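Chain residues, written in single-letter form:
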Amino acid sequence: MFKRAIVVVRSLLPARMAKHLILWAEKAAFSFTPAHQTDTLPPIFIYWATKFIKPKFEKLGASSPEDLYFTEIVRSFAAPARSNGLKLASFGCGACELEARLARRLLDAGIDSRIDCIDINSGLLEIGKSNAANSGVEGKLNFIVADCTSYVSESGYDAIIVNQFFHHVDALEQFCEVLEKSLLEDGLLLSSDVIGRNGHVLWPSVAEDVQVFWRELAEDKKIDRSDGRIKSQYESVDHSAYSNEGVRAQDVVESLLKRFDFDLFLTFGAVVMPFVERRFGFNFSADSEDTEFIDRVAIFDEERSAAGSFPGSNMFAVLRKKGKADRKIYDPISPSDHVRLTKEQLLLALDPALLRSQSPGS
């Protein structure tokens, strides 16, 4: 009901006022939603991520995005140590749970660091202070209430983390400029984020494949937990209609490419996502034959992604300033190929007849 009301009111307001409404809705949502949303994910999501995504990180010497933040910082800065310690930042940090754990790990590893935690939501930063105290790193985190798209550090940062925040940013070009200006010349930009279609709507080619698997499901697997109804077909929800959720997700990679080079670009998750996320994922059991279905969808998803049939909807990335990247680790495709595939899907969205012409037997 709240989401529908926002959509209706937004449609009646001038553009400037509508943006303020969406920002208010965003802040309100994060005030009542668990800061660390893993706590609300279906068990089947954890099953899929453990079996199919965790091995991708293990190849890189880590077990998760959070672990890879730590290992990349250590790889780049552990020796020789900075004389004044590492200066780090997290833009769009929320309640700072990740930042407190990272500061703790760096401290335990003997690496001196300070982390600026920057967020527009002062309420979440107050929670962040408690999280820092609980981890014993009160003096390692600095809390800054600011608009992330306009806050520039004059002294610069050795590493900047943008964790699950890019897809909430409307002013992407301005934000990427802020990050470029705030990052030191040999600095790292680290991100785990959503880079699929705006509002988390499925791309046309992905939606077509999802419907094929959807037809295999029993009715009890098609219950939409957001409204309790059985859906004969999978229907995407445009979450950007009532908030900044995924507002410009499809533009993230292209915006980053204009100002940074990718050291590492890992993408995953497209066709499998509707079956493991919150709306329908709770219909599947992680300790039953349901896993056989999820395995089959996940393998199909990975094969199609590697073949360049569509872009992935999630990324982990390590970036540096232009000309500073010292490696190119891309799995399964490069950032430029991701942008190309995104533009191809945009054309298909504008002209569905193109998709039908590409289908077998058409």
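Please read all numbers here as calculations on a predicted model, not as lab measurements.

**Q** Can you walk me through the side chain of K56 in this structure?
**A** Along the chain, K56 turns up in helix α3 (residues 43-58). Here the side chain of K56 touches E302 through a polar contact of 3.5 Å, side chain to side chain. Setting aside anything within four residues of it in sequence, one finds K56 in contact with L266, F268, E302 and D331.

**Q** Is there a simple way to explain the pattern of salt bridges in this structure?
**A** A side chain of one charge can pair with a side chain of the opposite charge when the charged atoms of the two come close. With the rule as written, the count across this model stands at 31 salt bridges. Among the salt bridges present, the one from R304 reaches D209, with a minimum N-O distance of 2.9 Å. With R304 in helix α12 (residues 290-306) and D209 in helix α8 (residues 204-214), the pair connects residues that are 95 residues apart, well separated along the chain. Accessibility expressed as a relative area gives 26% for R304, which makes it partly exposed.

**Q** Explain unusual backbone geometry to me, please; I cannot follow it from the model alone.
**A** The omega torsion of the bond from D331 to P332 falls at 0 degrees, within 30 degrees of zero and hence cis. As for its placement among the helices and strands, P332 is situated in the loop between β10 (329-331) and α13 (335-350). The phi torsion at C96 lies on the positive side, around 65 degrees, for a residue other than glycine. With respect to the element layout, C96 can be found in the loop between β1 (86-91) and α5 (97-108). In this structure C96 comes out as buried when scored by relative accessible area, which is 0%. Although it is not a glycine, Q164 adopts a positive phi angle of roughly 55 degrees. Checked against the element boundaries, Q164 lands in the loop between β4 (157-163) and α7 (172-182).

**Q** Any chance you could explain the nonpolar core here in plain terms?
**A** Side chains of a nonpolar character, in soluble globular proteins, are inclined to be buried together. Among the nonpolar cores identified, the biggest contains 60 residues, and W48, I73, L141, F275 and I294 are the most heavily contacted of them. Of the residues forming this core, the biggest block, 7 residues, is contributed by α3. F91, Y157, V253 and L256 belong to the second largest nonpolar core, which has 30 residues in total.

**Q** Help me out: how do you make sense of the pairing of β1 in this one?
**A** Every regular strand shows the same layout, with side chains that alternate between the two sheet faces. Buried residues dominate β1, accounting for 5 of its 6 residues. Bridge count between β1 and strand β2 (residues 113-119): 6 bridges; the pairing is parallel. Considered in β2, the bridge of F91 is made with I118. Sheet topology note: the β1/β4 ladder contains 3 bridges and is parallel. Residue pairing for β4: S90 is matched across the bridge by I161.

**Q** Which parts of the structure should I look at to understand helix α6 (residues 122-134)?
**A** Because the α-helix completes a turn every 3.6 residues, residues three or four places apart line up on one side. The end-to-end C-alpha separation of α6 is 19 Å, in line with the 18 Å expected for 13 residues at 1.5 Å each. Taken together, the buried positions of α6 are L124, L125, G128, N131 and A132. Buried residues in α6, looked at end-on, bunch into an arc of 105 degrees, giving them a common side. Backbone nitrogen of G123 and a side-chain oxygen of the N-cap are separated by 3.1 Å at the start of α6; the cap is N121.

**Q** Hey, could you run me through empty space enclosed by the protein in this one?
**A** Unoccupied space between atoms shows up once a probe the size of one water molecule is rolled over them. What the rule picks out here adds up to 1 cavity of 30 Å³ or more. Lining of the largest cavity is provided by T267, S305, F310, P311, G312, P332 and I333. A breakdown of the residues in the lining of the largest cavity according to their chemical character gives 4 nonpolar, 3 polar and no charged.

**Q** What's the story with the pairing of strand β8 (residues 260-268) in this structure? I'm lost.
**A** For β8, the tally of buried residues reaches 8 of 9 residues, placing the bulk of the element in the interior. Of the pairings in the sheet, the one linking β8 to strand β9 (residues 314-321) comprises 8 bridges and is antiparallel in character. By the bridge assignment for β9, T267 is matched with M315. Sheet analysis places β8 next to β10, joined by 3 bridges and oriented parallel.

**Q** Looking at this structure, I do not really get the side chain of D119. What am I missing?
**A** Looking at the element boundaries, D119 is found in strand β2. Residue classification places D119 among the buried residues on the basis of a relative accessible area of 8%. When near neighbours in sequence (up to four residues on either side) are disregarded, D119 contacts G92, C93, G94, L125, I144, V145, A146 and C148.

**Q** Would you take a moment to explain the packing of α3 against α12 for this structure?
**A** The description of two helices packed together rests on the angle between their axes and the distance between the axes. Relative orientation of the contacting elements α3 and α12 amounts to 40 degrees, with a least axis distance of 11 Å. Classified by the interaxial angle, the pair formed by α3 and α12 is oblique. In the crossing of α3 with α12, the sense of the turn from one axis to the other is right-handed. Of the residues in α12, those touching α3 at I44, Y47, W48, K51, F52 and K56 are T291, I294, D295, A298, I299 and E302.

Each value, and the rule that gives it
Within each chain, residue numbers correspond to sequence positions counted from 1 in written order. In view of the model being predicted, local features appear only for residues whose pLDDT reaches at least 70, and side-chain atom pairs are presented and counted only at 80 or more, with totals across whole chains, interfaces and linings using the full set of residues. Only hydrogens and water are set aside; all other atoms, that is, all heavy atoms of the structure, feed into the side-chain values. The numbering of helices and of strands both runs from the N terminus, where a helix is a DSSP run of H or I of at least 4 residues and a strand a run of E of at least 2. Between N or O atoms, a polar contact is any pair within 3.5 Å; within protein, one atom must be a potential hydrogen donor and the other a potential acceptor, and residues adjacent in sequence are included only when both atoms are from side chains. Here, residues are in contact when the closest pair of their heavy atoms is within 4.5 Å. Counted as salt bridges are all cases of a side-chain nitrogen of Lys or Arg within 4 Å of a carboxyl oxygen of Asp or Glu. The classification of residues rests on relative accessible area computed with a 1.4 Å probe and restricted to protein chains. Under 20% of the type maximum is buried, over 50% is exposed, and intermediate values are partly exposed. Buried Ala, Val, Leu, Ile, Met, Phe, Trp, Tyr and Cys residues that are joined via side-chain atoms within 4.5 Å together make up what is termed a nonpolar core. Strands pair, by our definition, only if DSSP identifies at least two bridges between them. Helices are assigned an expected span. That span is 1.5 Å times one less than the residue count. This arc describes the spread of directions from the helix axis toward the C-beta atoms. A 1.4 Å probe that fits but cannot get out identifies a cavity on a 1 Å grid over protein atoms alone, an open set with protein on both sides within 12 Å along at least five of seven lines counts as a pocket, and a residue lines either if it has an atom within 4 Å of a point. Grid points are joined across faces, edges and corners, and a volume is the space filled by probe spheres set on the points. Asp, Glu, Lys and Arg are counted as charged, while Ala, Val, Leu, Ile, Met, Phe, Trp, Tyr, Cys and Pro are counted as nonpolar; the rest, among them Gly, fall into the polar class. Whenever a helix is involved, its axis is fitted only over the stretch in contact; in every case the axis is a line through C-alpha atoms, and angles between N-to-C directions fall within 0 to 180 degrees. Working rule for angles: under 35 degrees goes down as roughly parallel, over 145 as roughly antiparallel, 65 to 115 as roughly perpendicular, anything else as oblique. Crossing handedness is defined as follows: a turn of the near helix away from the far one that is anticlockwise and smaller than a right angle gives a left-handed crossing, while the clockwise case is right-handed.

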